[in-house]
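Fold and geometry: a report
Spelled out from the first residue to the last, the chains are:
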Amino acid sequence: MKPRVLTGLALAALAATLTGCSWEYLIPISITETSDKIDLLMWVIIWITMIVFIGVEVVLVWFILKYRDMGDGRKPVYTHGSNKLEAIWTGIPVLILIVLAVWSENLLNAEIRAIPEKPDVRIKVTARQFNWNFEITESSGEQIDEASRPIVDTGMHSTETAEPDRHFPKEFISGYDNLTPLKIPVDRTTVFEITSLDVIHSFWVPEFRIKQDAMPGHVNRIWIRPNKTGLYPIVCAELCGNGHYRMAGRLEVVTGEEYDAWVAEQASGGSDELF
């Protein structure tokens, strides 16, 4: 079979494979503008890597077929370097790396490190083996009286149940569907202040695309502004002990009206959801 035919078949098979993939099952949905920007950077890196990989493999196969021993007695011709080619294949990757490094640093500074001083909601996150504790200290930009603060603990003692949406795999929450969800409002800014009482943990909601270590004696901060309502998993991304696998929780993004009503309910005496 001719090299061109083989190359064409290989590319057709690759295209069929890629177009048949459903990215939704590979990457969780994005629920913030920041996570959209992080996804864009990630996809650019993936496509650059994929194009380079495919190009190298196609050239490799083409060379193997074109310059194989044809049995006609031809002798190979050897060359000894090319400064021009070496400059090109060194300069292009260096240029790509510089662009990606500047892009990443700007994204980090503008979207992740720039913590809003006056968020709509501020939540104290305290990790311990093997629980998350969330205390809402500010809501609608106002400090909440300590006695009225909504507190959600992911200890396995809540009686609430909820149906997961399609982005929250049922098999994941098997055993966790009785956990009280932490509620935050959509289209409002929320700052998480994260610390730990014992060992190092890592607070992670995959749909945020951001995770942050929870360290004893230190407070780390992240912020988000969700643009989609729904129920999402909270996990620990740091191996923190033999119960690490069950250090999970649930985050529910609700409308502003639902969130305000929920906070008001807690301020007026709480409900069975809280502990």
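This text gives an overview of the structure that appears in the document.

Here we come to the packing of aromatic side chains. According to the stated counting rule, one finds 8 aromatic pairs in the structure shown. Consider the rings of Trp62 and Tyr67, whose centres lie 6.4 Å apart with planes at 85°: the pair is edge-to-face. We classify Trp62 as partly exposed; its relative accessible area is 35%. Relative to Tyr67, the ring of Phe63 lies with its centre 5.4 Å away and its plane at 50°, an arrangement referred to as tilted. The exposure class assigned to Tyr67 is exposed, which follows from its relative accessible area of 54%. By way of ring pairs, the aromatic residues Trp132, Phe134, Phe192, Phe203 and Phe208 are connected into one cluster. Taking the ring centre of Tyr67 as reference, the NZ or CZ of Lys66 above it sits at 5.8 Å. Here the basic side chain of Lys211 rests over the ring of Trp204, its NZ or CZ set 4.9 Å away from the ring centre.

It is worth spelling out the pairing of strand S9 (residues 220–224) at this point. S9 sits mainly inside the fold: 4 of its 5 residues count as buried. Examined bridge by bridge, strand S6 (residues 190–196) and S9 share 5 bridges and lie antiparallel to one another. Along S9, the bridge assignment pairs Phe192 with Ile222.

Bringing the nonpolar core into the picture now. Ranked by internal contacts, the top residues of the largest apolar core, which has 39 residues, are Ile123, Trp132, Phe134, Leu182, Phe192 and Phe203. Among the elements that line this core, the one with the most residues is strand S1 (residues 121–128), at 4 residues.

Cut-off values and rules
Residues numbered from 1 in each chain as written. Predicted model: local features only at pLDDT ≥ 70, side-chain atom pairs only at ≥ 80, totals over all residues. Heavy atoms only, no water. Phe/Tyr/Trp six-rings, centres within 6.5 Å; stacked < 30°, edge-to-face > 60°. Buried < 20%, exposed > 50% of the residue type's maximum accessible area, 1.4 Å probe, protein only. Lys NZ or Arg CZ within 6 Å of the ring centre and 35° of its normal. Helix = DSSP H or I, 4+ residues; strand = E, 2+ residues; numbered from the N terminus. Pairing = 2+ DSSP bridges. Core = buried A, V, L, I, M, F, W, Y, C linked by side-chain atoms within 4.5 Å.

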